[in-house]
Amino acid sequence: MHKKIKRPSWDEYFIKAAFLVGTRSTCLRRRVGAVLVKDRQILATGYNGAPMGITHCDSIGCLREELKVPSGQRHEICRGLHAEQNVLLQAAKHGVSVRESTIYITNAPCSICAKMIINAGITEVIIADNYPDEMAKKFLKEAKVRLRKVNKA
């Protein structure tokens, strides 16, 4: 008889990948990773951090931290992009359609990212941790984008 190998479920596999992607983040407040998946294939990955060619927060510091801005507020003064924004930009940059895909994120999206997820045609958001932005959850629900929480990797 052959030995049965224990493999992670697809959700476990992709959420673990999101956490691995998040290790590339240079954000001083929260390291977030996102993986875009369709038909059990990874389409693109993204993590939060400054745009290409711009000094990273771990080198220059964090204005939101200096001003003691609570989590989930004043996104416009952050020099970084969110992981969800970066994963969508990477897909666009390489001409990859994200319609009817699933996004795995280490944390729930903010309301800005939720609106982008909705308009990109993503049908499901799978998260490991929450984020303090109730409006994002309301937007996803209203747009009939499924939101599920899975166990951390």
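Here goes a summary of the coordinates provided. Because the structure is a prediction, the values reported are computed rather than measured. (Residues numbered from 1 in each chain as written. Predicted model: local features only at pLDDT ≥ 70, side-chain atom pairs only at ≥ 80, totals over all residues. Heavy atoms only, no water.)

## Quick word on the packing of helix H5 (residues 111-120) against helix H6 (residues 134-142)
H6 packs onto H5 with a crossing angle of 15° between their chain directions and a minimal axis gap of 8 Å. Our classification of the angle between H5 and H6 gives roughly parallel. The hand of the H5/H6 crossing is right-handed. Residues Ser111, Ala114, Lys115, Ile117 and Ile118 of H5 form the contact with H6, whose own contacting residues are Met135, Ala136, Phe139 and Leu140. In terms of residue class, the contact of H5 with H6 is built from 7 nonpolar, 1 polar and 1 charged. (Axes fitted to C-alpha atoms, helices over the stretch in contact; angles between N-to-C directions. Helix = DSSP H or I, 4+ residues; strand = E, 2+ residues; numbered from the N terminus. Parallel < 35°, antiparallel > 145°, perpendicular 65-115°, else oblique. Left-handed = near helix turned anticlockwise from the far one by under 90°. Contact = heavy atoms within 4.5 Å. Nonpolar A, V, L, I, M, F, W, Y, C, P; charged D, E, K, R; others polar.)

## A word on the environment of isoleucine 60
Residue position: isoleucine 60 is located in helix H2 (residues 57-60). Taking C-alpha positions, isoleucine 60 is 29 Å from alanine 136, a pair spaced 76 residues apart along the chain. Discounting chain neighbours no more than four positions away, the residues touching isoleucine 60 are Thr55 and Arg79.

## Here's the deal with a nonpolar patch on the surface
A surface patch of nonpolar side chains, amounting to about 310 Å² of accessible area, comprises Trp10, Tyr13 and Ile42. Note that tryptophan 10 resides in helix H1 (residues 10-22). Take tryptophan 10: its relative accessible area is 40%, and that puts it in the partly exposed class. (Patch = residues over 30% accessible without salt bridge, like charges linked within 9 Å, V, L, I, M, F, W, Y side chains within 5 Å. Areas by Shrake-Rupley, 256 points an atom, 1.4 Å probe, with all protein chains shown as cover. Salt bridge = Lys/Arg side-chain N within 4 Å of Asp/Glu carboxyl O. Buried < 20%, exposed > 50% of the residue type's maximum accessible area, 1.4 Å probe, protein only.)

## A short note on the sheet that holds strand E1 (residues 33-38)
The 5 strands lie next to each other as E2-E1-E3-E4-E5, forming an open sheet whose pairing is mixed. Taken across any chain shown, the strands that pair with only one partner, and hence form the sheet edges, are strand E2 (41-47) and strand E5 (146-149). Taking the axes of each pair of neighbouring strands and ignoring which way they run, one obtains an average angle of 20° across the sheet. Of the strand pairs in this sheet, E1 and E2 are connected by 6 bridges, and their pairing is antiparallel. Bridge pairing in E2 places valine 37 opposite isoleucine 42. The strands touched by helix H4 (residues 83-93) within the sheet are E1, E2 and strand E3 (102-107), with E2 carrying the most contacts at an inclination of about 130°. (Pairing = 2+ DSSP bridges.)

## Observations concerning the side chain of aspartate 11
Assignment of secondary structure puts aspartate 11 in helix H1. Note on aspartate 11: relative accessible area 19%, which makes it buried. Leaving out residues up to four positions away in the same chain, aspartate 11 has contacts with Tyr104, Ile126, Arg148 and Val150.

## Here's the deal with H4
By the burial criterion, the buried members of H4 are Ala83, Glu84, Gln85, Asn86, Val87, Leu88 and Ala91. For H4, the secondary structure elements touched by its buried residues are E1, E2, E3 and H5. Glycine 95, located one to two residues past H4, shows a positive phi value of around 70°.

## Examining the side chain of histidine 82
Tracing the chain through its elements places histidine 82 in the loop between helix H3 (63-66) and H4. Among residues more than four places away in sequence, those in contact with histidine 82 are Tyr47, Asn48, His75, Cys110 and Cys113.

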